[in-house]
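Listed below are the residues making up each chain.
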8 protein chains.
Amino acid sequence: MSLREILKALDQKEISPKEAEEQIAELSIGSVGDLARYDYDREKRSGVPEAIYAERKTVNEVVSIAQKAVNRLGRVLITRVREEHVKPLLALRDEGFEVDYFERGRCFIVKNSNYSPEPTIGKIAIISAGTSDIPVAEEAKVTAEYHGCEVLMVTDVGIAGLHRLFTPLKETIENGVQVIIVCAGMEGALPGVVAGIVTIPVIGVPTSVGHGVAAEGKTALYSMLSSCSPGLAVVNIDSGFNAAVFATLIARNAK
Amino acid sequence: MSLREILKALDQKEISPKEAEEQIAELSIGSVGDLARYDYDREKRSGVPEAIYAERKTVNEVVSIAQKAVNRLGRVLITRVREEHVKPLLALRDEGFEVDYFERGRCFIVKNSNYSPEPTIGKIAIISAGTSDIPVAEEAKVTAEYHGCEVLMVTDVGIAGLHRLFTPLKETIENGVQVIIVCAGMEGALPGVVAGIVTIPVIGVPTSVGHGVAAEGKTALYSMLSSCSPGLAVVNIDSGFNAAVFATLIARNAK
Amino acid sequence: MSLREILKALDQKEISPKEAEEQIAELSIGSVGDLARYDYDREKRSGVPEAIYAERKTVNEVVSIAQKAVNRLGRVLITRVREEHVKPLLALRDEGFEVDYFERGRCFIVKNSNYSPEPTIGKIAIISAGTSDIPVAEEAKVTAEYHGCEVLMVTDVGIAGLHRLFTPLKETIENGVQVIIVCAGMEGALPGVVAGIVTIPVIGVPTSVGHGVAAEGKTALYSMLSSCSPGLAVVNIDSGFNAAVFATLIARNAK
Amino acid sequence: MSLREILKALDQKEISPKEAEEQIAELSIGSVGDLARYDYDREKRSGVPEAIYAERKTVNEVVSIAQKAVNRLGRVLITRVREEHVKPLLALRDEGFEVDYFERGRCFIVKNSNYSPEPTIGKIAIISAGTSDIPVAEEAKVTAEYHGCEVLMVTDVGIAGLHRLFTPLKETIENGVQVIIVCAGMEGALPGVVAGIVTIPVIGVPTSVGHGVAAEGKTALYSMLSSCSPGLAVVNIDSGFNAAVFATLIARNAK
Amino acid sequence: MSLREILKALDQKEISPKEAEEQIAELSIGSVGDLARYDYDREKRSGVPEAIYAERKTVNEVVSIAQKAVNRLGRVLITRVREEHVKPLLALRDEGFEVDYFERGRCFIVKNSNYSPEPTIGKIAIISAGTSDIPVAEEAKVTAEYHGCEVLMVTDVGIAGLHRLFTPLKETIENGVQVIIVCAGMEGALPGVVAGIVTIPVIGVPTSVGHGVAAEGKTALYSMLSSCSPGLAVVNIDSGFNAAVFATLIARNAK
Amino acid sequence: MSLREILKALDQKEISPKEAEEQIAELSIGSVGDLARYDYDREKRSGVPEAIYAERKTVNEVVSIAQKAVNRLGRVLITRVREEHVKPLLALRDEGFEVDYFERGRCFIVKNSNYSPEPTIGKIAIISAGTSDIPVAEEAKVTAEYHGCEVLMVTDVGIAGLHRLFTPLKETIENGVQVIIVCAGMEGALPGVVAGIVTIPVIGVPTSVGHGVAAEGKTALYSMLSSCSPGLAVVNIDSGFNAAVFATLIARNAK
Amino acid sequence: MSLREILKALDQKEISPKEAEEQIAELSIGSVGDLARYDYDREKRSGVPEAIYAERKTVNEVVSIAQKAVNRLGRVLITRVREEHVKPLLALRDEGFEVDYFERGRCFIVKNSNYSPEPTIGKIAIISAGTSDIPVAEEAKVTAEYHGCEVLMVTDVGIAGLHRLFTPLKETIENGVQVIIVCAGMEGALPGVVAGIVTIPVIGVPTSVGHGVAAEGKTALYSMLSSCSPGLAVVNIDSGFNAAVFATLIARNAK
Amino acid sequence: MSLREILKALDQKEISPKEAEEQIAELSIGSVGDLARYDYDREKRSGVPEAIYAERKTVNEVVSIAQKAVNRLGRVLITRVREEHVKPLLALRDEGFEVDYFERGRCFIVKNSNYSPEPTIGKIAIISAGTSDIPVAEEAKVTAEYHGCEVLMVTDVGIAGLHRLFTPLKETIENGVQVIIVCAGMEGALPGVVAGIVTIPVIGVPTSVGHGVAAEGKTALYSMLSSCSPGLAVVNIDSGFNAAVFATLIARNAK
């Protein structure tokens, strides 16, 4: 019973005020909130699909959470799968699920066979500095497309040769993208350079690519945070997923 | 002479191909780029006002750069002023400038007396966790308003008492803001909590408020980057300015 | 109107279900929660007195928040005061307030002249390793007494001479204390040694006392966290206040 | 011979003062201490069962220490077992021991078959933020139960969706728990949020769950230490064992 | 079409000014730059051979990039190969390539069978402190020779026995080397000592050799950066490749 | 009464066994220990003079502790005095004390006027790398002499010019010193170089001299710990005092 | 007496072999070394002028070392002067010295009035990213000119606006500079960008300009070390002096 | 020819002064040094046996260096062997070598079958805090015995139960040891406690035992460096070898 129904029941004398009070106490805060319009844009939120972060989960956990999620929501995104998750997830095909595996990005999408694709809600670009940054960029791409974004992918645009940057950036802008994700490891300078040129929001994703002082991605992270180009915000190291969700929130509300 | 004029002059035989080539060589890369439509949204960019980062500049540098900027552009924003900058900047009033000083935010806006205000281009909210985070929040507010945003300011919403959060957030959403900046020091949990509730982009600004392991703002920064709420991106510690510029880029393009 | 009153009004047809729904929407989450018995021990909580963290607050802020708090609650604790706060706070005596200043602990207690002392709710011990740790120990002592604890203070019990430890510890236990706070800088070994001997909870407070690799208190903090003695938990560096509040929560519920 | 016996023997002229002096010199400090009432609550301590930290021990060491401990004390807890310890420990069943294996928590309890369970000495709650934090929570649960606590386990209560927090917390309080352990990785905000709501002691256990800047658990640790909620103390990263022992010390002495 | 050709075509009325403008817009920035003499020494640069950083690349990526590079440029250097890259790269011999494998330095050089060696462009010395630093030194040696340097290799010259240093240094200088690369792990003191003796540039390469506080190479790095000998500059940890390229730039321009 | 006296009294029936037991309980652990020959070389220890670490002590604390120590022991060493301690300590001359002030080393020695100097117990050398390391070296020198060592002081022996090292080292050895203290900041290489040459123990004292990555002394510390020369042990940054005490323990027991 | 003279005296029977041996023993290692041609380019070195690092030196030390150096060598460079050094150094003019003070670079050059300038030995460029980096750039400039380099200074070339970079770089190259020093704080990306364009050695000087994660210069340092552009080596944070000496060693030996 | 012989030859006119000068130039610095009595105790040094640090060496390198060392010196110590080194080293028995393998300490001693043991040169104690610290303690023990020390081994003396410490310490002192090595991981408090009790030098060896903030040994290292007990010096993490060599240098020179 929702709050509204409780109130109605009270109004129709089906329950006493004391019973109403007790039943309201039974509601989760969330339910109370819904009624009370503390919903904070819940309808739109329901459009944000469920995702499973597999990194530290056992095979059983990942598979059973995935099954439940698909049964409830029609589809599910699984990120950061480990080697041992792969076969059991692919085996879900035998149970009638549609299963897409993105090896470099370490992601899966599992769907009901009759799940119909989302309408496009915006357009973003994903730029990666080097070949080794592609896994992070791919996680971002899969996530963004899953959330209904059209994605323009531009790879291998290193800072070492800036001339490789200008042409794709120009194309990017001309294509009407509303936000750019830039994945870069090592010195992580590319997002700052891009943000110094374009006038749409740039999201930096530091990657753990590099060796020596760069090897954990903190150099790239700090470099992006310290950038002189103010139109740049940053997510956690290797977080293609977070960047894509954040970009989606911008894109779907953009003109 | 622009590239277009050079080409015209060549077309009309006023100059030779070799002269054209030489004159093009004289152009700055930027000028060439403009013509060649490598302009990357330059018109809009021209709408992004100049700002002076005063922290390590001498008094003379700050004052003279400010004067030049106002003479050229009509107004200028000066951030992170030091004690010794204050009097000389206020003294610019004697030269006919309009000077606004924001003490807690350590900012100045200097204008021509006849400078007319910008039209509003969007609406953002700025939430600060504690009283001590207000200076950073004020820098963000001054910057965002300077760039044409209408700003909803909500202060002292600590994580320690979550009940203080819900009502202002509800109001924020109902007011139609398009992006939220959340400033927090210490454990920096507030931006993640907010991003877990709303469905518009949230920009976290870690502040250097706190003592012990929190004292430099890194705990707040890492906490925000590690947040389980994906709709959150982060800027450098105490960077109210950067957060505001980034928010402006989102807001002005939002529906 | 409380939720109960709204429900009654609905029951008595004074309002419609829709009006009830709207009025409930007007309630703060807290009010809703209260009714619904989400109160989480609020009565006891009201016994936890207000405290002001003055470190980054201006003189005006500290004084005016203090005045308001005393007027509302009868008294207030102010911690981490800076040099410039001292005189204005002492001047509150001229306005009829009772003002206690604890110089080493950098604390103030401001009271209504007619405020009657709290009943004692428990007994704790505070041990400090060296003379230089006393300011942190004093902050803990003032805080704990303010919350109604009887405090046994034992100072200058260094690890360098363990023989100085055994006698005071024995006395501590014989006095029936229910929890021990141990403040230590440098290598921070004392809390682990104490926790290896007693069988009541020990709270370690690392202090920033020391030089070289010890100078920021992290060595003491990590040392305590790594201690082989499991009966030890830790608070932030120099956080006498937090340790005292935590100890109070244990002591007031102890047999 | 104890000190008392030595003194008696001297009194009865069975030995000379010099012999008494020599025999006292043979006593361990502890023995001397016991007599001299430096016992520091030893009786209660004898109630704290032995535990083996297996992480860096060889298979032989773990098995033989376990056997000795059970033979002496009736039972033993083994934490942080490695893959290679598992089979040899399970094989102790063949020798007539009762062996409980907790796979996710990486713990074993080995008992004499006739060991009778401890009486319950208190009630605690263990809350874990995400599925991946469960191993740490389980180590805490096994340890606390082993020490005689009744444990209320609440899993998967993330900060990202605070609405999932309120109902279980309410139940927790209503069930009369005396202390709450909260395990959280990533940004580690949950313990601070819980401590902001309840008025019993909260023990934070940072876990090494997360990636990028969160990956080693330091972000969670620092976040908890920096929390604005003062009723919170912290143990080492992934230290479910320490948290449980500390909680037991509080619970067994609580009203 | 180059810019010059476009201008000629315009001059000869083969195209209109508008068409010229459009075609110039089609040029890459680089092409425009070339004409405009923004070439920045491009001819010399073409002498810097391509290199592939294999660390995070898949086997397929490394092999196919290598094939393309050799077909285009005659040869290619591959650094930081992983175990799994080795066989497939050696198998390129079956396709008619010349393949040199440097196991300790983890490098490959793949060439067309008819590729003729570069002329020598300078002379450098590479000194390594211990046996364990040799892999880094070998990467530097292979890289420098690949770029046309003659290399004098001096190994196992530890700081612990300075007497082992003087004789080889003397020989080095007498041989006319123009720059010295010094590879050292642990305390990383050797480059500073060498730079205190010689008067040619010294490039320090910190290595990740050592254990405890030395284990990641940061101690060696910081030690070199802090050296009192000013004639020393440093590259990233284990970056034999970078040191060799930097040394080549110095050597080829030296008298 | 000592334990021996108690036993005698019991033997002579002056007290009962129960009284003996009670009186033993009154003894401090130390007293018990003494009798029981747990004295651990106490006689020699009594030769180790008292020292006061003034860094964080108030003026009053330092002066009164000093007075008491001199009255009890004849003299006292005070280290790390702050500016504000100097005058009040010098003023002790007016009270009849002998006061020596070592400005660069920030030390005081206060003595009874009739205190006769210690006999020399050993010979040590103190080497400092640069002029800026002298304050630390002087603290070591004052401390070592205070403890009865003859000190050979060698300053300004940088690693940048190793030729400045050999002659003083030779003299040092020829003078029969038994242990060498080497103070060095920046890259901290000197102690390792010295330990690679001599065959007596070398104690490294990292200093906080330097800028950039060297500025806090950690680079020097880590460099010394990572040194390939095994005959080297290290004390905390800037700890001239600790190095001198440690050296004294070696020297006074050396042949 | 030099070694040569000793040998001559021996040859002419003025001294015995034993006397010769003794006198050689009196020589410093350096003197022996000179003769033995272990001179390592000493003649050129004598061209490297003396410099005084004033940071931690007292006023007396700085002034008296300066006087001695000028009297011996004709001139001296003093870097990192503190406020209190300035007046006493300027006062050296009263003693007939020529004194140049470079306020922003915190340097002094003191000369004999009749000291004649050095011949130019090479040409270098110094580029600084922002206005706040100028002090470091000025230290580099003063040092390089002092060592005989002609210096091309280019300031305020931020990465945020790359278009500001190309024109000055072009001029730099056209002017025939042999090595480029690039000073940059914050994200420190500029040196990598420059090294990606030019083909002469680039020396990166990270500066401590910035706030938050950039505030100590480590972000800039790590960023430069991690740069994908291999033609880049790095010196310590804010070390304009070291960069200039290193550049001089390259330039004076360049074609 | 030695310098003395050269001088004699010159004296006897067998060579000219110029030839003498040339021949001296041929001498190694060391040879020159020898004559000039810069020998620095070389004779004693020859008594310090060779050791091989195997960590990063290949199997071939370790085996062949070992063979050469034994052939030259009669025996050799090999530390930090990896799994893959073990079999090939044991196989040296087939070649007639005597081979001792210390599995927990990861050490080998390889000897000529006729190598006669060293005379004992001193007596040291090695104390380890927990079972997991034994490998480091064993490396120290093997090394010290190899260098001729008699070793008293005391294991499992944790800080958690100080009563386990006093008895072994007493025995240690009574046995006449001249220096104590204390190995401890986790919070690393034991060495400071020991140094606070005894009056002979204590060498702390931090170990990498522990988890969470203790896991790399830095907490133990910093804790020891920060200890209030001044009679303590420290070596690198897990450096049983360095501690033993340092202890040997003390012991062999002790009364």
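Residues numbered from 1 in each chain as written. Chains lettered and ligands numbered in written order. Predicted model: local features only at pLDDT ≥ 70, side-chain atom pairs only at ≥ 80, totals over all residues. Heavy atoms only, no water.

So, on to the overall build of chain A. When helices and strands are tallied, chain A shows 11 helices and 9 strands. Restricting the contact set of chain A to residue pairs at least 6 apart, pairs at least 24 apart contribute 66%. Here chain A displays about 9,400 Å² of accessible surface, and carbon together with sulfur accounts for 48% of that area. (Helix = DSSP H or I, 4+ residues; strand = E, 2+ residues; numbered from the N terminus. Contact = heavy atoms within 4.5 Å. Areas by Shrake-Rupley, 256 points an atom, 1.4 Å probe, with all protein chains shown as cover.)

Let us now look at helix 6 (residues 83–90) of chain H. All names here are of chain H. Turning to helix 6, its buried residues number three or more, namely H85, V86 and L89. For helix 6, the angular spread of buried residues about the axis comes to 110°, placing them on one side. Turned more than 90 degrees off the buried face of helix 6, the exposed positions are E83 and K87. Of the surrounding secondary structure, the elements contacted by the buried residues of helix 6 are helix 5 (59–73), strand 2 (75–79), strand 3 (98–102) and strand 4 (107–111). (Buried < 20%, exposed > 50% of the residue type's maximum accessible area, 1.4 Å probe, protein only. Arc of directions from axis to C-beta.)

Now for the packing of aromatic side chains. With the rule as written, the count across this model stands at 12 aromatic pairs over all chains. When the ring centre of Y146(A) is taken as reference, the NZ or CZ atom of R75(A) above it lies at 3.7 Å. (Phe/Tyr/Trp six-rings, centres within 6.5 Å; stacked < 30°, edge-to-face > 60°. Lys NZ or Arg CZ within 6 Å of the ring centre and 35° of its normal.)

With that out of the way, let us pick up the pairing of strand 7 (residues 179–184) of chain G. Here is the key point about a regular strand: its side chains alternate between the two faces of the sheet. Residue and element names in this part refer to chain G. Counting buried residues in strand 7 gives 6 out of 6 residues, a clear majority hidden from the surface. Neither face of strand 7 is open: one carries V179, I181 and C183, the other I180, V182 and A184, and all of them are buried. As defined by bridge partners, strand 5 (residues 122–128) adjoins strand 7 across 5 bridges and the pair is classed as parallel. By the bridge assignment, I126 is partnered in strand 7 with I181. Alignment of strand 7 against strand 8 (residues 202–206), held across 5 bridges, turns out to be parallel. (Pairing = 2+ DSSP bridges.)

Bringing the interface of chain F and chain H into the picture now. With 45 residues of chain F in contact, the opposing surface of chain H contributes 46 residues. Both faces combined, the contact of chain F with chain H buries some 3,900 Å², and carbon together with sulfur accounts for 59% of it. Taken together, chain F and chain H are joined by 0 salt bridges. Our count for the chain F to chain H interface comes out at 8 residue pairs in polar contact (both at pLDDT 80 or more). For the side of chain F that touches chain H, the secondary-structure elements that each account for two or more residues are helix 4 (42–46), helix 8 (163–174), helix 9 (190–197), strand 8 (202–206), helix 10 (218–225), strand 9 (232–234) and helix 11 (240–251) of chain F. Its residues placed into classes, the side of chain F that touches chain H shows 26 nonpolar, 10 polar and 9 charged. (Buried area = accessible area lost by both parts, 1.4 Å probe. Salt bridge = Lys/Arg side-chain N within 4 Å of Asp/Glu carboxyl O. Polar contact = N/O pair within 3.5 Å; in protein donor to acceptor, adjacent residues only side chain to side chain. Nonpolar A, V, L, I, M, F, W, Y, C, P; charged D, E, K, R; others polar.)

On to the pattern of salt bridges. For side chains bearing opposite charge, pairing can occur when the charged atoms are close. Applying the stated rule across the entire model yields 60 salt bridges over all chains. K141(G) is the salt-bridge partner of E145(G), the closest N and O atoms lying 3.2 Å from each other. On the criterion of helical spacing, the pair formed by E145(G) and K141(G) is a turn pair, its members being 4 residues apart in helix 7 (residues 134–146). Each member of the salt-bridge network shares a partner with another, and the members are E55(A), R80(A) and R106(A).

Let's shift gears to the relation of the copies chain E and chain A. Under the fitted operation, chain E is carried onto chain A by 0.2 Å of movement along the axis and a turn of 89°, and the coordinates agree to an RMSD of 0.4 Å. Such a combination of turn and shift is consistent with a four-fold rotation axis. Proximity to the rotation axis, assessed at the C-alpha, singles out E216(E) in chain E; its C-alpha lies 8.4 Å from the axis. (Least-squares fit on C-alpha atoms with pLDDT ≥ 70 in both.)

Our focus in this paragraph is the side chain of T248(G). Positionally, T248(G) belongs in helix 11 (residues 240–251). The residues touching T248(G), leaving out its near neighbours within four places in the chain, are I121(G), A144(G), H147(G) and C149(G).

Here the focus is the packing of helix 7 (residues 134–146) of chain B against helix 11 (residues 240–251) of chain B. Residue and element names in this part refer to chain B. Interaxial distance between helix 7 and helix 11 falls to 7 Å at its minimum, and their mutual angle equals 40°. Comparing the axis directions of helix 7 and helix 11 gives the class oblique. Handedness of the helix 7/helix 11 crossing: right-handed. Contacts between helix 7 and helix 11 pair V136, E139, A140, T143 and A144 from the former with G240, F241, A244, V245 and T248 from the latter. Here the contact of helix 7 with helix 11 is composed, by residue class, of 6 nonpolar, 3 polar and 1 charged. (Axes fitted to C-alpha atoms, helices over the stretch in contact; angles between N-to-C directions. Parallel < 35°, antiparallel > 145°, perpendicular 65-115°, else oblique. Left-handed = near helix turned anticlockwise from the far one by under 90°.)

Of the two same-sequence chains, chain F is brought onto chain H (RMSD 0.5 Å, axial shift 0.2 Å) by a rotation of 179°. Taken together, the rotation and translation describe the operation of a two-fold axis. When C-alpha distances to the rotation axis are compared across chain F, the minimum falls at A254(F), with a value of 1.9 Å. When the interface residues of chain F are mapped onto chain H, 98% of them are again interface residues, pointing to one common binding face.

Here we take up the packing of helix 5 of chain H against helix 6 of chain H. Residues and elements named next belong to chain H. Remark: helix 5 packs on helix 6, axes separated minimally by 9 Å, with the N-to-C direction vectors making an angle of 40°. Here helix 5 lies oblique to helix 6, going by the angle between them. When you trace helix 5 past helix 6, the crossing you get is right-handed. In this structure, helix 5 uses V59, V62 and V63 to contact helix 6, whose residues at the interface are E84, H85, P88 and L89. The residue makeup of the contact of helix 5 with helix 6, split by class, is 5 nonpolar, 1 polar and 1 charged.

Okay, the state of the cysteines next. Residues and elements named next belong to chain B. Inspection of every chain in the model, using the stated rule, returns 0 disulfides over all chains. C183 forms no disulfide, and the closest cysteine sulfur to it belongs to C107, at a distance of 12 Å. You can call C183 buried: its relative accessible area is 0%. (Disulfide = S-S within 2.5 Å.)

A word on the interface of chain E and chain A. Contact with chain E, which involves 15 residues of that partner, is made by 13 residues of chain A. The contact between chain E and chain A buries some 1,300 Å² in all, and 51% of this surface belongs to carbon and sulfur atoms. The tally of links between chain E and chain A comes to 1 salt bridge. Scanning the region where chain E abuts chain A turns up 7 residue pairs in polar contact (both at pLDDT 80 or more). Classifying every residue of the side of chain E that touches chain A by side-chain character gives 5 nonpolar, 4 polar and 6 charged.

All names here are of chain C. Relative to the 21 Å expected for 15 residues at 1.5 Å per residue, helix 5 (residues 59–73) spans 21 Å between its end C-alpha atoms, a close match to the ideal helical length. Of the residues making up helix 5, those classed as buried are E61, V62, V63, A66, A69 and V70. Buried residues along helix 5 sit against strand 1 (51–53), strand 2 (75–79), helix 6 (83–90) and strand 4 (107–111). With its phi angle positive at about 95°, G74 sits one or two positions after the end of helix 5. (Expected span 1.5 Å × (residues − 1).)

The next point concerns the domain arrangement of chain A. Residues and elements named next belong to chain A. Split by domain assignment, chain A resolves into domain 1 (25–111) and domain 2 (122–253). Listed per partner, the contact involves 16 residues of domain 1 and 13 residues of domain 2. Interface of domain 1 and domain 2: buried area, both sides summed, is about 1,300 Å²; carbon and sulfur atoms make up 61% of it. If you sort the residues of domain 1 by the area they bury against domain 2, L77, R80 and R104 come out on top, with a joint share of 38%. There are 0 salt bridges connecting domain 1 and domain 2. Between domain 1 and domain 2 we count 5 residue pairs in polar contact (both at pLDDT 80 or more) in total. Of all the elements in the fold, those that place two or more residues in the side of domain 1 that touches domain 2 are strand 2 (75–79) and strand 4 (107–111). (Domains from an automatic or database assignment.)

Residues and elements named next belong to chain A. Secondary-structure assignment places G188 in the loop between strand 7 (179–184) and helix 9 (190–195). Exposure remark for G188: the relative accessible area of 3% places this residue in the buried category. As a C-alpha pair, G188 and G210 span 22 residues in sequence and 10 Å in three-dimensional space. Setting aside residues no more than four positions away along its own chain, G188 makes contact with A220, S223 and M224.

Time to look at the pairing of strand 2 (residues 75–79) of chain F. Residue and element names in this part refer to chain F. Burial of strand 2 is extensive: 5 of the 5 residues sit out of reach of the surface. Residue alternation in strand 2 divides its side chains into two sets, R75, L77 and T79 and V76 and I78, and both sets are buried. Handedness of the crossover is the feature at issue here: the chain leaves strand 1 (residues 51–53), passes through helix 5 (residues 59–73), returns alongside strand 2, and the resulting connection is right-handed. Looking at chain direction, strand 2 and strand 4 (residues 107–111) are connected through 4 bridges and run antiparallel. By the bridge assignment for strand 4, I78 is matched with F108. (Right-handed = clockwise from strand over helix to strand, strands pointing away.)

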